[in-house]
Amino acid sequence: MLFLYKNKLNYAIAVLIVTMGLLTACNGQSSEGQEPIVFADAGWDSLIFHNEVASVILEAGYDYETSQITGSSTAVWAGISDGDIDVHMEVWKDNLEDIYSEGIENGDFQKVSLNFDDNYQGFYVPTYVIEGDEERGIDPVAPDLKYVEDLPEYKEVFQDPEEHSKGRIVGAISGWTVDEILHDAYLHYGLDDTFNYSRPGSEMAINSDLTNAYENGEPWIGYNYEPNWIMGQYDMTPIVEKEEGPLESIATQDIEIVVTSSLPDRAPEVTEFLSNYQTSSDITNEALSYIQNNDATPRDAAIKFLQENEELWTNWVPEDVVEKVQSEL
């Protein structure tokens, strides 16, 4: 879900964007002398939810002010490397090509925790495409579809509405590294002969396209990932590779929390809290479904999570912090 800056000009532009602050939203109050804790917002919902959970705890329990800097992945990672951004709560490191390993090796940032590891990303179809749905009166239209390599046989099933001679695959967002990997797989398997590769302009556009197809019981194939509200709401099946290929590196991975190199010395208590932070895809799916179905904000979902999961988050912080957060909730 992230992409790699290609040259020094792009890097300079990224640094300028971060330095300007972009969309910076501040919450809470900080004690005198404490610098705010700045979170990365690279544009996807689950990351913002985790930002809010951590922010509520830091504001209520540690008296820190928090903020989020919104920007492209290039800008975000430039900001973390330069110390303008303190925390990235959801790092899909296998999507980052060389950025992650170089940053760790150079000491620009460091891993402090594993947020979750029960995730998946890649190409999906609604399960009714393969198995049908008797309750909805939907017959299976691709009962033997299992592998990416099988897709050319089903170009007519996934017909492109604008070019009927080919199928359509919905890719990821241009600028996300995962989109480059998905497109490489599309070319690697020769799917360009039978399918068009479509790049929606936003995650909302991907989910809107899927929702429209799903609610109408129509075939659909495209990119998605877990955790995601739509994966919690709809019955979806991943289309995997028969043998190891371009998608193998991103299918499942450890999703980490990373902090800028200066944070452990500047705010050791914050770093300690973040080192204990660990959730799951199921927890995140539930939060995102709550946001989607209740017209709620990520902050609303964070508060709901903290109210309903005290047995989990109270292990992340000292008792005095627990009491302060509970009193605020």
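All of the points below concern the structure found in this document.

The rules behind these values
- Residues numbered from 1 in each chain as written.
- Predicted model: local features only at pLDDT ≥ 70, side-chain atom pairs only at ≥ 80, totals over all residues.
- Heavy atoms only, no water.
- Core = buried A, V, L, I, M, F, W, Y, C linked by side-chain atoms within 4.5 Å.
- Buried < 20%, exposed > 50% of the residue type's maximum accessible area, 1.4 Å probe, protein only.
- Helix = DSSP H or I, 4+ residues; strand = E, 2+ residues; numbered from the N terminus.
- Contact = heavy atoms within 4.5 Å.
- Patch = residues over 30% accessible without salt bridge, like charges linked within 9 Å, V, L, I, M, F, W, Y side chains within 5 Å.
- Areas by Shrake-Rupley, 256 points an atom, 1.4 Å probe, with all protein chains shown as cover.
- Salt bridge = Lys/Arg side-chain N within 4 Å of Asp/Glu carboxyl O.
- Lys, Arg positive; Asp, Glu negative; His and termini not counted.
- Charge placed at Lys NZ, Arg CZ, Asp CG, Glu CD.
- Polar contact = N/O pair within 3.5 Å; in protein donor to acceptor, adjacent residues only side chain to side chain.
- Pairing = 2+ DSSP bridges.
- Phe/Tyr/Trp six-rings, centres within 6.5 Å; stacked < 30°, edge-to-face > 60°.

## Some points on the nonpolar core
Inference 1: Ile57, Phe273 and Leu274 are the most contacted members of the largest nonpolar core, which totals 99 residues.
Inference 2: Of the residues forming this core, the biggest block, nine residues, is contributed by helix H2 (residues 45–62).
Inference 3: Ignoring sequence-local partners within four residues, the contact set of phenylalanine 273 consists of Ala54, Ile57, Leu58, Tyr62, Trp316 and Val317.

## Some points on a negative patch on the surface
Inference 1: On the surface, a cluster of negative charge is contributed by Asp94, Asp117, Asp118, Asp254, Asp282 and Glu286.
Inference 2: What makes aspartate 282 exposed here is its relative accessible area of 57%.

## Looking at the pattern of salt bridges
It is possible for side chains of opposite charge to pair when their charged atoms get near one another.
Inference 1: Overall, the coordinates contain ten salt bridges when judged by the stated rule.
Inference 2: For arginine 299, the salt bridge identified is with glutamate 59, shortest N-O distance 3.2 Å. Linking arginine 299 in helix H13 (residues 298–308) with glutamate 59 in helix H2, this pair joins segments that are 240 residues apart in sequence.
Inference 3: According to the relative accessible area criterion, arginine 299 is partly exposed, its value standing at 21%.

## A look at the side chain of serine 113
Inference 1: With respect to the secondary-structure elements, serine 113 resides in strand E5 (residues 109–116).
Inference 2: Among the polar contacts listed, one links the side chain of serine 113 to the backbone oxygen of tyrosine 277, at a separation of 2.6 Å.
Inference 3: Not counting chain neighbours up to four residues away, the residues in contact with serine 113 comprise Glu256, Ile257, Leu274, Ser275 and Tyr277.

## Comments concerning the pairing of E5
Successive side chains on a regular strand alternate, one facing one side of the sheet and the next facing the other.
Inference 1: Summarising burial for E5: six of the eight residues are buried, a large majority.
Inference 2: Bridge count for E5 against strand E12 (residues 255–260) is six bridges, and the pairing is antiparallel. Its bridge partner being in E12, leucine 114 is matched across the sheet by glutamate 256.

## A look at the packing of aromatic side chains
Two descriptors summarise a pair of aromatic rings, namely the distance from one centre to the other and the angle between the planes of the rings.
Inference 1: The full count for this structure, using the stated rule, is 15 aromatic pairs.
Inference 2: Between phenylalanine 158 and phenylalanine 195, the ring centres sit 6.5 Å apart and the planes meet at 40 degrees, which makes this aromatic pair tilted. Taken together, the residues span a long stretch of sequence, with phenylalanine 158 in the loop between helix H5 (127–131) and strand E7 (159–160) and phenylalanine 195 in strand E9 (residues 195–198) at a distance of 37 residues. There is no split in this pair, since phenylalanine 158 and phenylalanine 195 are both buried.
Inference 3: Aromatic side chains tyrosine 214 and tyrosine 234 sit 4.2 Å apart centroid to centroid with 15 degrees between the ring planes, which places their arrangement in the stacked category. Taken as a pair, tyrosine 214 in helix H7 (residues 203–215) and tyrosine 234 in the loop between helix H8 (229–233) and strand E11 (236–239) lie far apart in primary sequence, 20 residues in all.
Inference 4: A relative accessible area of 12% places tyrosine 214 in the buried class.
Inference 5: On the basis of relative accessibility, which here comes to 10%, the residue tyrosine 234 falls in the buried class.
Inference 6: Feature note: the residues Phe49, Tyr62, Phe273, Tyr277, Phe305 and Trp316 constitute an aromatic cluster, connected by ring pairs.

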